[in-house]
Amino acid sequence: MEVTIETKDDILIITLEGSIDSKTAPDVQQKVLESSAESKNVILDLSKVDFVSSAGLRVLLMLYRQIKAKNGKVVLVGVSEEITDVMSMTGFINFFEIEDTVDNAIKKY
């Protein structure tokens, strides 16, 4: 699992690549939550994520709660159909705005 972090126009852009499962979730959680600790606006690019387990969903929920506590917003980008289905079944989809590209997500702020 690779985590890339950049900032553009006061928006934190976190790009994940690989699978978010029970093996990778603790590392992803640490990197994502630490990097977004001072941010209010976060884009999470999942276009290169091929699988999200329940541990991965927990990471997304923790990020959402951290940002929401600051009255911020998390926009997900490039969510695959399979991940969208899992998020829909669990109700997680309702916590996030979803866009196809990072550029479209930036326009949400």
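It should be emphasised that the depicted structure is a prediction, and the values quoted were computed from it without experimental measurement. (Residues numbered from 1 in each chain as written. Predicted model: local features only at pLDDT ≥ 70, side-chain atom pairs only at ≥ 80, totals over all residues. Heavy atoms only, no water.)

(A) How the structure looks around the sheet that holds strand 2 (residues 11-20). Pairing is mixed across the open sheet formed by 5 strands, whose spatial order is 1-2-3-4-5. The strands lining the two open edges of the sheet, one partner per strand, are strand 1 (2-8) and strand 5 (97-99). Neighbour-to-neighbour, the strand axes of this sheet turn through a mean angle of 25°, independent of strand direction. The pairing of strand 4 (residues 73-77) with strand 5 spans 3 bridges and is parallel. Bridge pairing links Leu76 to Ile98 in strand 5. The sheet strands contacting helix 1 (residues 25-35) are strand 1 and strand 2, and the helix crosses strand 2 at an angle near 180°. Against the sheet, helix 2 (residues 54-68) engages strand 2, strand 3 (41-52) and strand 4, with an angle of about 175° to strand 3. (Pairing = 2+ DSSP bridges. Helix = DSSP H or I, 4+ residues; strand = E, 2+ residues; numbered from the N terminus. Axes fitted to C-alpha atoms, helices over the stretch in contact; angles between N-to-C directions. Contact = heavy atoms within 4.5 Å.)

(B) Region of the structure containing the nonpolar core. Residues Leu16, Leu44, Leu63, Leu76 and Met87 are the most contacted members of the largest nonpolar core, which totals 29 residues. The element that contributes the greatest number of residues to this core is helix 2, accounting for 8 residues. The residues touching Leu63, leaving out its near neighbours within four places in the chain, are Val32, Leu33, Ser36, Val42, Leu44 and Val74. Counting 7 residues, the second largest nonpolar core, distinct from the first, contains Ile13, Val75, Val77 and Ile106. (Core = buried A, V, L, I, M, F, W, Y, C linked by side-chain atoms within 4.5 Å. Buried < 20%, exposed > 50% of the residue type's maximum accessible area, 1.4 Å probe, protein only.)

Structural measurements only, silent on function.
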